[in-house]
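Below are the chains, spelled out letter by letter.
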Amino acid sequence: MLDLGIVILAFLTACALTWGLRVYAIKHNVIDRPNQRSSHSVPTPRGGGVAIVLTLLVALAWLYLSGYLTADSFFGLFVPGVIVAVIGFLDDHGHLAARWRLLMHFLAAAIGLYFLGSFPVINFAGFDISLGWFGMILGSIYLVWMLNLYNFMDGINGLASAQAILFALGSAALMALHQHTDLSGSIYPLTLALAGAAAGFIVWNFPVAKIFMGDAGSGFLGIIIGLMILHIAKLDTHFFMAELCLLGVFIVDSTITLLRRLVAGKKVYEAHASHTYQILARKYGSHVPVTLVSVAVNIVWLFPIAYLIASAKVDGLVGLVIAWCPLIVIAFRCGAGVRDKESNANA
């Protein structure tokens, strides 16, 4: 009963806060205006993701004060989340230099890893591997990439919030199926709060966006989800690969797009609209089918494979290859990283 209560309370809180933030954005002209790189055509308030931020921060505080989270888990999630959200909020209200954003992102990642204590032992090709100090370096890069890829993938209605909901529910289900749902000292209740908070926001963002998430919300989700994966992976060595499997749509699209742009000699932080989801949204003339298909892919394809990995029925590396290969093929066939709006116009 407490599980359902956490979801409902987070949903109602985030939904109400998103409404308030929409009023604030309209009043203070915090508006996302379409440009040649945009996937939308109507000026729309932005910054609604702050509702998810505030809801999750309150949930973290409550879980800590109620004894459900340890001090290390609380500070290791709360502090990085605040840093990234503040940087994103400032960037939403006025451009910040990329070097300063990146510096603060690495600081947030370092703090999260410090309180985590160590990079989790992972099962790789049938072996449990402890990466030691190298794992902390790798973990910093991983967290900064997770943070930024979530920002990159927040470009059409409902996609980022739907992914957060599916990740949270998928993670909760994996922990439940493997009996890791003890509220005390577990990350499990936070997955429920995340699902509720993201659902409260998506009410205002899909199928028609009345407000956008903004950098504060997408960056916050990126680092919180990245850190939650590391916390969950400490429960079982197989969980790290399983959790990465759940995020296959985001990881594959953003990584393939970035690598292809790098190979083409394009600037990494240059604005573009060449992600797979953006190309497909233009092709079908709507955000709705793209978001719904991504939901279906998560439920029908990625979660079952993630379950097999978590249950050690399939090797983690083999499972990731099986899960991600079709997504990689789709990205290449769509022209991810190559087919931008400009290239389409000139074709």
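It should be emphasised that the depicted structure is a prediction, and the values quoted were computed from it without experimental measurement. (Residues numbered from 1 in each chain as written. Predicted model: local features only at pLDDT ≥ 70, side-chain atom pairs only at ≥ 80, totals over all residues. Heavy atoms only, no water.)

Comments concerning the overall build of the protein chain
Stage number 1. Along the protein chain, the regular secondary structure elements total 14 helices and four strands.
Stage number 2. Here the C-alpha radius of gyration of the protein chain, 19 Å, is about what a compact globule of 347 residues would show, namely 20 Å.
Stage number 3. With the C-alpha coordinates of the protein chain rotated into their principal frame, the extents come out at 55 × 45 × 35 Å.
Stage number 4. Here the protein chain, with 347 residues, has 52% of them falling under the buried criterion.
Stage number 5. Expressed as a percentage of contacts within the protein chain between residues at least 6 apart in sequence, the contacts between residues at least 24 apart total 77%.
Stage number 6. For the protein chain, the exposed area adds up to about 14,900 Å²; of that, 70% sits on carbon and sulfur atoms.
Stage number 7. For the protein chain, the centre of its 19 positive side-chain charges and the centre of its 16 negative side-chain charges are spaced 13 Å apart. (Helix = DSSP H or I, 4+ residues; strand = E, 2+ residues; numbered from the N terminus. Rg over C-alpha atoms; globule rule 2.2 N^0.38 Å. Buried < 20%, exposed > 50% of the residue type's maximum accessible area, 1.4 Å probe, protein only. Contact = heavy atoms within 4.5 Å. Areas by Shrake-Rupley, 256 points an atom, 1.4 Å probe, with all protein chains shown as cover. Lys, Arg positive; Asp, Glu negative; His and termini not counted. Charge placed at Lys NZ, Arg CZ, Asp CG, Glu CD.)

Describing helix α13 (residues 316-334)
Stage number 1. Here α13 contains 19 residues, and its C-alpha end-to-end distance of 27 Å stays within 8% of the 27 Å for a straight helix at 1.5 Å per residue.
Stage number 2. In the structure, α13 departs most strongly from a straight axis at W324, where the bend amounts to approximately 35° and where the proline P326 lies between one and four residues downstream.
Stage number 3. Within the span of α13, buried status applies to G316, G319, L320, A323, W324, L327, A331 and C334.
Stage number 4. Lining the buried residues of α13 we find α9 (239-246), α10 (248-263), α11 (276-284) and α12 (288-310).
Stage number 5. For α13, the N-terminal cap is D315; the gap from its side-chain oxygen to the backbone nitrogen of L317 is 3.1 Å.
Stage number 6. A positive backbone phi angle near 90° is found at G335, which sits one or two residues after α13. (Expected span 1.5 Å × (residues − 1). Bend = angle between axes of the 7 residues up to and from the residue. Polar contact = N/O pair within 3.5 Å; in protein donor to acceptor, adjacent residues only side chain to side chain.)

What to know about helix α4 (residues 98-116)
Stage number 1. For α4, built from 19 residues, the straight-helix expectation of 27 Å at 1.5 Å per residue is met to within 8% by its first-to-last C-alpha distance of 27 Å.
Stage number 2. Buried within α4 are the following residues: R101, H105, A108, A109, G112, L113 and L116. Around the axis of α4, the buried residues are gathered within 130° of arc, so they sit on the same side. Relative to its buried face, α4 has exposed residues pointing more than 90 degrees away, namely R99, W100 and Y114.
Stage number 3. With its phi angle positive at about 95°, G117 sits one or two positions after the end of α4. (Arc of directions from axis to C-beta.)

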